[in-house]
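Close look at the chain arrangement
So the chains spell out like this:
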Amino acid sequence: MGIMTEAVVRTELERSADKDRPQPMIEARGLHKQFKTPVVKEGSFAGIRTLFTREYRVKEAVKDISFTINQGDFIGYIGPNGAGKSTTIKMLTGILHPSSGEVRIAGVDPHRHRRRVVSRLGVVFGQRSQLWWDLPVKDSYEILAHMYKVGDKERDLRLGQLSELLGLGEFWTTPVRKLSLGQRMRADIAASMLHDPDVLFMDEPTIGLDVTAKRSIRDFLKTLNTEFGKTILLTTHDMDDIEQLCERVMVINHGQLSYDGTIDELREKIGLPTTIRVTFAGAWSIPLPPGEILRLPLEVRLPTGEAFRVVETGPDYVRVEANRQQIRAVDILREMSAWGEAADIHTEEPAFEDVIHKVY
Amino acid sequence: MNIRYWLHLYFVLIRSSIRSGMQYKMNFLLGMLLAAGIQIAEFLMIAIVLNKFGAVKGWSLYEVGYLFAVMTLSKALYRSFANDVHHLENYLTSGDLDQLLTRPVPVLLALMSQNFRMMPGELLQGGFILTWALHGMMQAGQITWIAVPFTFLVIFTGAVILFAIGLTTATAGFWLTRINELQTLTEDASQTAVRYPLVLYPVWLRSILLVVIPVGFVNYVPSLFILRGELGAWVLLGIVLVAAVCLFASMKLWTFGMSRYQSTGS
Amino acid sequence: MLYFSLASKAYARNLQYRGAHMLHNVASALFGYLYACIWIGIGQDRPLGEYGVHGMIGYIAFTQASLWISGFTTNGLGIPQSVRTGQISLDLMRPVHLFVHLMCREWGQIAYQFVYKSVPIYLLYVLVFSLSLPQQVTTLLLALAGLAAAAYLSICMNYIIGATALWTTESSWLYWMNHALINLLAGFFIPVEWLPRWLQTVSWLSPYPYLLYVPTRIYLGFEDASRLLGSLVWCVLMTLACLGVTAVVRRKVEVQGG
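Cut-off values and rules
Sequence order sets the numbering: in each chain, residues are counted from 1 along the sequence as written. Chain letters start at A and ligand numbers start at 1, both assigned in the order the entries are written. Reporting in this predicted model follows two pLDDT cut-offs: at least 70 for local features of residues, and 80 or more for side-chain atom pairs to be given and counted; totals over whole chains, interfaces and linings ignore these cut-offs and use all residues. In computing side-chain properties, one takes all heavy atoms of the structure into account and sets aside hydrogens as well as water. Secondary structure counts use DSSP, requiring at least four H or I residues in a row for a helix and at least two E residues in a row for a strand, with both numbered from the N terminus. The globule rule used for comparison is 2.2 Å times the number of residues to the exponent 0.38, while the radius of gyration itself is calculated over C-alpha atoms. Relative accessible area decides the class of each residue, using a 1.4 Å probe on protein chains only: under 20% of the type maximum gives buried, over 50% gives exposed, and in between gives partly exposed. When checking whether two residues touch, look at their non-hydrogen atoms; a contact exists if any pair is within 4.5 Å. Methods summary: accessible areas were calculated by the Shrake-Rupley approach with a probe of 1.4 Å, and residue burial reflects only the protein chains presented. Counting rule applied: Lys, Arg positive; Asp, Glu negative; His and chain ends not counted. The atoms used to mark charge sites are NZ of Lys, CZ of Arg, CG of Asp and CD of Glu. In this description, strands pair whenever DSSP reports at least two bridges between them. Lines fitted to the C-alpha atoms define the axes, with helices restricted to the stretch that makes contact. Angles between their N-to-C directions range from 0 to 180 degrees. Here's the idea: put two parts together, see how much 1.4 Å probe accessible area each one loses, and the total over both is what we call buried area. Only one rule defines a salt bridge in this text: a Lys or Arg side-chain nitrogen within 4 Å of an Asp or Glu carboxyl oxygen. Whenever two N or O atoms come within 3.5 Å, that pair is a polar contact, provided that in protein one can donate a hydrogen and the other can accept it, and provided that, for residues adjacent in sequence, both atoms are side-chain atoms. Gly is put with the polar residues, along with every residue not named as nonpolar or charged; the nonpolar set is Ala, Val, Leu, Ile, Met, Phe, Trp, Tyr, Cys and Pro, and the charged set is Asp, Glu, Lys and Arg. Small angles under 35 degrees read as roughly parallel and large ones over 145 as roughly antiparallel, with 65 to 115 read as roughly perpendicular and the rest as oblique. Note: crossing handedness is left-handed where the near helix turns anticlockwise from the far helix by less than a right angle, and right-handed where it turns clockwise. Disulfide assignment relies on a single distance test, namely cysteine sulfur atoms paired within 2.5 Å.

Right, let's talk about the overall build of chain A for a bit. Helix and strand content of chain A: twelve helices and 14 strands. Computed over C-alpha atoms, the radius of gyration of chain A comes to 27 Å, more than 25% over the 21 Å expected from 2.2 N^0.38 for 360 residues, which places it beyond the range of a compact globule. Expressed along its principal axes, the backbone C-alpha trace of chain A runs to roughly 85 × 55 × 55 Å. In chain A, buried positions account for 49% of the 360 residues. A sequence separation of at least 24 residues applies to 69% of the contacts in chain A between residues at least 6 apart. Counting only carbon and sulfur atoms, one obtains 49% of the accessible surface of chain A, whose full area is about 18,600 Å². Side-chain charges of chain A comprise 48 positive and 52 negative groups, with the mean position of each set lying 8 Å from the other.

Encoded structure:
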């Protein structure tokens, strides 16, 4: 890349910084990706014949995806396997070229200026390490610092900070192949932060970790976002990660974006019922029309027309389900208090996992 | 990206590799000696034969030893720096190549900096046979001291040529994915072939080893001038040119292969 | 029946790769071609003992093809790998003797390699060099017996090499050293009788000549069945060694847990 192109890119960035509206950090516009896979031949010499075949099957992995992510956002990007998640991420990072559509990271196209874009990105692939397998952890940092043109002083300062936050000291000189999964993950996350990128792509950063390790990674990512203002795109199958860290979530399915909004809006939209469990002190009974026996699930309709469902009864409790969008909890409880003396009330929101399951 | 940047990067990488390799000194030393010994066995095979029968098609044992040593040293140089290029198949099947694309450096250089492989056994064996051969020929008055710097040049250009061949074979991996078999042909077989003087082979094989897979320019062609005074000094310039052309062509092919990889994703 | 099934499974496992292997055969045959060219060059103006140029080419062709029977046995019969994964303790617990178990597996592998590598490669040489096949069936049968013994000896050697993996992580070195010794002492490129005197003595004190040299000589008609006696003796000796090694291995695993 010549000096001219660099100058053009730089003025482009400066110009956009002058605008009143802050430039989005990550922008995807009409992304499409098609894969042509050769039709696999059967029979003798299948291997050779497949190599020379002209028959192709076209698979649309990503269909017309557009979204905007602003600086300081913490976005969850989820979808079932094969939905096109990793394909999208690869297009955002410049690994894969889109069939059509555009990507801009801080205003720069990663396909035309891969190295420039990537020098401001931090990427963590949870399933594999980017560190040098046989070398001590500190050597990997030394090599990476050099690759990303991070000066010695800056590197040491940052590693000091990261070491405190992530507890790197305990395996500083250990070869990467001897680290436990939790340690390796921390080392990898530190590596991704070495050059102080503005944007982080985290792919399954908590996979396979125990509860304590997960919590410390989550805390660290939260800190990065809230205290250091990093923009983070998190891809994961762990719904707890999403719930605890992200305000906004994008759901991809069959190559298309089926939802892009906040978690609360998603819950509302899906409308899974809330469960309320009331424990009664003493005797209780549900009023029924004369001659009818209790059959579950039983729909209880209020005079106002709103309804909730009784799904389970026990010796001293009743469990009901209702859509909080349609009926207020306070109205449900008022109705139930007529059934007996309530001793204890327990409310459960639908599990986020179940919500997501419905979206998929 | 300037030279100083890369030199420094490699320096850090090499130093780390050596440090971690040297951790178990006994193991390292033993490994080195065993590797050298095992490699020398291959040369001993031909040495025993030539010792019994004299020269082969006009090539003495010293000359054959020279061919052997130059090839070993060129190969060691190439594989030390570009070992993971040779093992590109692993990167393609595991998807690890994507990771390298997230680094702010050209993919090829990222690939090469993944691993610096120390090959002390090969260096020891090659160095030993080379010294022995050069010494023997100098004693017999066949060559003078000038052959030594010429040889170093040739080892370097040889490494470049082997690198170009290896890179081209690896590039085929973008289409074929599995390139182990191909590598056996373009690298193992051809490198073994030119350890012996090309005059032994029929013309068709000689042509392949010069034009199609230019390994002949790694050791044979230069030795015609350096050891036997044939052809003339321009040969050395020619070798440098051949190396440059091969390098250029292979890198262009690599770029083409990479862009295909980034479009098709596999 | 169990033994046969162990062997046939190993055989069948390889079948899916036979396309790739056939391609690889061309590359393998190329190596032999190179060596043949060298001998042709050497034999240009000197007599090559009782072989002559044509005989030497035949020698190279047969030894190259035989490599797939006695030269390329699985490293340590897979023991180093199974030590690394811990599988070895499971294997030792089985009702089958470890040596027999691994040997049967390897026989299946060798059988496959014979059919899909040795034979095609040899036929390729016959074609390219217009080699003549042995006149009598007995020669062929004796040669095959020699090859069978060679395969068995190679299995035993690799068993012992593999067993060392329980004491050191560097058993690969032994495998490569074994390979180097095969190159030098088994008549791989040089018939044993042309080795320097002292090296010949060393060679005949070891089982190496029986891996390649003896079967080849029988095939080419230079030796008769009496040579196979030596093969037999070594087979017995190596078997005893392997049984002894197994006992030591078993004791180590029982005491140290592998």
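After that view of the structure, there is still more to cover.
Our focus in this paragraph is the sheet that holds strand S1 (residues 26-38) of chain A. Residues and elements named next belong to chain A. Read from one edge to the other, the open sheet built from three strands follows the order S2-S1-S4, with strand pairing classed as antiparallel. Among the strands making up the open sheet, the edge pair consists of strand S2 (56-69) and strand S4 (100-105). Going from strand to strand, the sheet's axes swing by 25° on average, the running direction of each strand aside. Across ten bridges, the pairing between S1 and S2 is antiparallel. Following the sheet pairing, Phe35 is matched in S2 by Lys59.

For the rest of this paragraph, the subject is the interface of chain A and chain B. Tallying the contact residues gives 30 residues for chain A and 36 residues for chain B. The largest contributions to the chain A side of the interface with chain B come from Ile95(A), His146(A) and Met147(A), which together make up 23% of the buried area. Counting across the chain A and chain B interface gives four salt bridges. Where Asp98(B) meets Lys90(A), a salt bridge forms, and the shortest distance between an N and an O atom there is 3.1 Å. Our count for the contact surface shared by chain A and chain B stands at 22 residue pairs in polar contact (both at pLDDT 80 or more). Broken down by secondary-structure element, the contributors of at least two residues to the side of chain A that touches chain B are S1, helix H4 (114-118), strand S5 (121-125) and helix H5 (137-147) of chain A. Residues belonging to the side of chain A that touches chain B are distributed by class as follows: 13 nonpolar, six polar and eleven charged.

Here the focus is the packing of helix H8 (residues 147-176) of chain B against helix H9 (residues 180-193) of chain B. In a packed pair of helices, the relevant descriptors are the angle between the two axes and the axis-to-axis distance. Residue and element names in this part refer to chain B. One can describe the packing of H8 onto H9 by two numbers: an axis separation of 9 Å at closest approach and a directional angle of 165°. Judged by the inter-axis angle, H8 sits roughly antiparallel to H9. Once H8 is placed against H9, the crossing between them reads as right-handed. Seen from H8, the contacting residues are Leu162, Ile165, Gly166, Thr169, Ala172 and Leu176; seen from H9, they are Leu182, Gln183, Thr186, Glu187 and Gln191. Considering only residue class, the contact of H8 with H9 consists of five nonpolar, five polar and one charged.

To continue, consider the state of the cysteines. Residues and elements named next belong to chain C. In this structure the tally under the stated criterion is zero disulfides over all chains. This cysteine, Cys242, is not joined by any disulfide, and Cys156 carries the nearest cysteine sulfur, 3.9 Å off. Look at Cys242 and you get buried, because its relative accessible area is 0%.

Bringing unusual backbone geometry into the picture now. Cis geometry marks the peptide bond from Leu296(A) to Pro297(A); its omega dihedral reads -5°. Along the chain, Pro297(A) falls in the loop between strand S10 (274-284) and strand S11 (298-301). Although it is not a glycine, Asp64(A) sits at a positive phi angle of roughly 50°. Along the chain, Asp64(A) turns up in strand S2. The phi torsion at Leu77(C) lies on the positive side, around 55°, for a residue other than glycine. If you trace the backbone, Leu77(C) turns up in the loop between helix H3 (52-71) and helix H4 (79-85).

Function-wise, these values are silent; they only describe arrangement.
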